[in-house]
Amino acid sequence: MTETFRHSGEYPQQQSAASVHHGGTQGAYPHGAYPPPPAHAPEAPQAPAPARRRRARGPAALLAAVAIAAAAVGGGTAYAVQTLTDRGGGSTATSTDVVPTSKKGTVAGVAEAVSPSIVEISATTGQGKSTGSGVITKSDGEIITNNHVIAGASSIKVRTNDGKTYDAEVVGTDSKKDLALIQLKDASGLKPATLGNSDNVRVGDEVVAIGSPEGLTGTVTSGIVSALDRDVTVSTGDGQQQPQDPQGGWPFEFDGREFNGDTGSSKTTYKALQTDASLNPGNSGGALIDMNGNIIGINSAMYSPSSSGQGTGESASGSVGLGFAIPIDAVKDDLGKLRSGSQT
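Residues numbered from 1 in each chain as written. Predicted model: local features only at pLDDT ≥ 70, side-chain atom pairs only at ≥ 80, totals over all residues. Heavy atoms only, no water.

*Asks:* Help me understand the overall build of the chain in this model?
*Replies:* In terms of helices and strands, the chain carries five helices and 16 strands. Taking all 344 residues of the chain together, the buried fraction comes to 40%. In the chain, 68% of the contacts between residues at least 6 apart in sequence involve partners at least 24 apart. Carbon and sulfur atoms provide 51% of the accessible area of the chain, an area that totals close to 19400 Å². (Helix = DSSP H or I, 4+ residues; strand = E, 2+ residues; numbered from the N terminus. Buried < 20%, exposed > 50% of the residue type's maximum accessible area, 1.4 Å probe, protein only. Contact = heavy atoms within 4.5 Å. Areas by Shrake-Rupley, 256 points an atom, 1.4 Å probe, with all protein chains shown as cover.)

The structure is reproduced here in structure tokens:
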């Protein structure tokens, strides 16, 4: 509420109901003389009636009440939004400031606030096992991840930040967007991530990535948004090939490029956020996060040279600072379809 303050002396002076003679009787009447008695007893001055407060009615009154309530409860507003947006059990968090004010803008603050909402996913397929990451979207264990992380899985295990392990089943998939929704069995009380707004992301914004590269649960890296709307081509997960790594790892090379996922015969292209935050195999499905703790993207792919550059033909490993994430607005647009059980 904005108040207008007046400088001293700008308020009109309130006059008393009875006249006041300044200086008393001395000097107004001769010494020893008194004024004649009044014809009737003077009425006692009446106190001014208190101003009657007008009660606002209709929508204006409701809006005022909501504004006052929001100001009174402070951070409770975000909790109310989470509860009201819940669908079918659990809570879906929406954009807000997740990181405490004292730690805002720090990688440590983001990691502390968001890590409980990131999980490790282990999928067993006919070709072996694969490891990826996921983001909790509801407190009852709904998780968003990449489709290529769970494509063709006969069983899915999920480990949460506190070390607990759950069985999971696929709810819906969208291979064209490389997204999948899975549901933990017998889970409750988990911390859902807060989904931000990727339309507000700018090149140069600081970001944090959290995931499970190479099975190292809860790994935190940081960097900036390097570019917007990058065309990224990845496998849809259909017709996946047998892993080429004798240790059971995934092949990351496709058409002279290496990606953070199994490269099958079918592929799809989407617009992605590019980041130099380090992403490695296993980061797929994890979170790209702004410095307020809001999820702005789902990490999905990485690029690295197909050779070491020494002419040996040996494959390079690890991140070279070219990572890609599916913008969170695209994810939110797809959640309804995924929750309906669509399998595409």
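What follows continues from the structure just given.
*Asks:* Honestly, the sheet that holds strand β4 (residues 142-145) in this entry has me stumped. Any pointers?
*Replies:* Strand pairing in a sheet relies on backbone hydrogen bonds, with the paired strands running either antiparallel or parallel. Strand order in the closed barrel formed by six strands is β2-β3-β4-β7-β6-β5, and the pairing between neighbours is antiparallel. Each adjacent strand pair in this sheet contributes to an overall mean axis angle of 40°, direction not counted. Sitting on the sheet, helix α5 (residues 328-339) touches β4, β6 (165-174) and β7 (179-184), and the angle it makes with β7 is about 55°. (Pairing = 2+ DSSP bridges. Axes fitted to C-alpha atoms, helices over the stretch in contact; angles between N-to-C directions.)

*Asks:* What is the right way to read helix α3 (residues 107-114) from this model?
*Replies:* Each α-helix turn comprises 3.6 residues. Residues three or four places apart therefore point the same way. Every buried residue of α3 is accounted for by G109, V110, A111, A113 and V114. Taken together, the buried residues of α3 touch β2 (118-125), β9 (206-211), β10 (219-235), β14 (287-289) and β15 (294-302).

*Asks:* What is the right way to read the nonpolar core from this model?
*Replies:* One recurring pattern in soluble globular proteins is that nonpolar side chains are buried together. One finds V114, V135, I144 and I295 to be the most contacted residues of the largest nonpolar core, which totals 29 residues. Ignoring anything within four residues of it in the chain, the contact list for V135 reads S117, I118, E142, I143, I144, A193, G285, G286, A287, I295 and I298. Counting residues in hydrophobic clusters, the runner-up holds 15 residues, among them I121, I136, Y166 and L184. (Core = buried A, V, L, I, M, F, W, Y, C linked by side-chain atoms within 4.5 Å.)

*Asks:* Hey, could you run me through the environment of G211 in this one?
*Replies:* With respect to the helices and strands, G211 occurs in strand β9. Taking C-alpha positions, G211 is 6.8 Å from I118, a pair spaced 93 residues apart along the chain. With residues up to four places along the chain from it excluded, the contact list for G211 reads I118, S133, L216, T217, G218, T219 and N283.

*Asks:* Any chance you could explain the confidence of the model for the chain here in plain terms?
*Replies:* Low pLDDT means the predicted coordinates in that region are not meant to be read closely. In this model, the chain carries a mean pLDDT of 73, and residues with pLDDT of at least 70 account for 59%. Every residue in residues 239-264 is under pLDDT 50, and counting partners more than four places away or in other chains gives 74 contacts. When the criterion is pLDDT under 50, residues 307-316 qualifies, and its contacts beyond four places in sequence or with other chains add up to ten contacts. (pLDDT = per-residue confidence, 0-100.)

*Asks:* Honestly, the side chain of T268 in this entry has me stumped. Any pointers?
*Replies:* Tracing the backbone shows T268 in strand β13 (residues 267-275). We classify T268 as buried; its relative accessible area is 8%. At 2.7 Å, the side chain of T268 forms a polar contact with the backbone oxygen of K176. (Polar contact = N/O pair within 3.5 Å; in protein donor to acceptor, adjacent residues only side chain to side chain.)

*Asks:* Help me out: how do you make sense of the environment of Y303 in this one?
*Replies:* For Y303, the position within the fold is in the loop between β15 and β16 (323-327). As for Y303 and L322, which are separated by 19 residues in sequence, their C-alpha atoms are 5.5 Å apart.

*Asks:* Would you take a moment to explain the pattern of salt bridges for this structure?
*Replies:* Oppositely charged side chains may form a pair once their charged atoms are brought near each other. Taken as a whole and assessed by the stated rule, the structure comprises nine salt bridges. K157 serves as the salt-bridge partner of D167, at 2.5 Å between the closest nitrogen and oxygen. A residue pair is termed long-range when its members are at least 10 positions apart, and D167 in strand β6 and K157 in strand β5 (residues 155-159) qualify at ten residues. K157 gets classed as partly exposed once you look at its relative accessible area, which sits at 42%. (Salt bridge = Lys/Arg side-chain N within 4 Å of Asp/Glu carboxyl O.)

*Asks:* Honestly, the pairing of β10 in this entry has me stumped. Any pointers?
*Replies:* Within a regular beta strand, the side chains point alternately toward one face of the sheet and then the other, so they alternate between its two faces. As paired elements, β9 and β10 share six bridges and run antiparallel to each other. Opposite A209, over in β10, you have T221 as the bridge partner.

*Asks:* What exactly am I supposed to notice about the environment of S115 here?
*Replies:* Inspection of the secondary structure assignment puts S115 in the loop between α3 and β2. S115 gets classed as buried once you look at its relative accessible area, which sits at 12%. In the structure, S115 is positioned 172 residues away from A287 in sequence and 9.4 Å away in space, judged by C-alpha atoms. If we skip the residues at most four places from it in the chain, S115 touches V110, N161, I210 and V220. Among the polar contacts made by the side chain of S115, one reaches the main-chain carbonyl oxygen of A111 at a distance of 2.7 Å.

*Asks:* Quick question: what am I supposed to make of unusual backbone geometry here?
*Replies:* Apart from glycine, the bulk of residues carry a negative phi angle, and the bulk of peptide bonds sit in the trans form. Backbone geometry at D178 places phi at a positive 55°, although glycine is not the residue there. With respect to the element layout, D178 can be found in the loop between β6 and β7. Among the residues examined, D178 registers a relative accessible area of 0% and is labelled buried. Even without a glycine there, the phi angle at D229 is positive, about 55°. Position of D229 among the secondary structure elements: in strand β10.

*Asks:* In this structure, what is going on with the side chain of T173? I would like to understand it.
*Replies:* Along the chain, the position of T173 falls in strand β6. Engagement of the side chain of T173 in a polar contact is seen with the side chain of Q343, the distance being 3.4 Å. Once residues within four sequence positions are removed from consideration, T173 is found in contact with N147, I150, L179, A180, L338, S342, Q343 and T344.

*Asks:* Please clarify how α5 should be interpreted in this entry.
*Replies:* Its twelve residues place the ends of α5 16 Å apart at the C-alpha level, agreeing with the 16 Å of an ideal helix rising 1.5 Å per residue. For α5, the full list of buried residues reads I328, D329, V331, D334, L335 and L338. Looking at the buried positions of α5, the neighbouring elements they touch are β4, β6, β7, β8 (194-195), β15 and β16. Looking at the residues trailing α5, positive phi occurs at G341, about 95°. (Expected span 1.5 Å × (residues − 1).)

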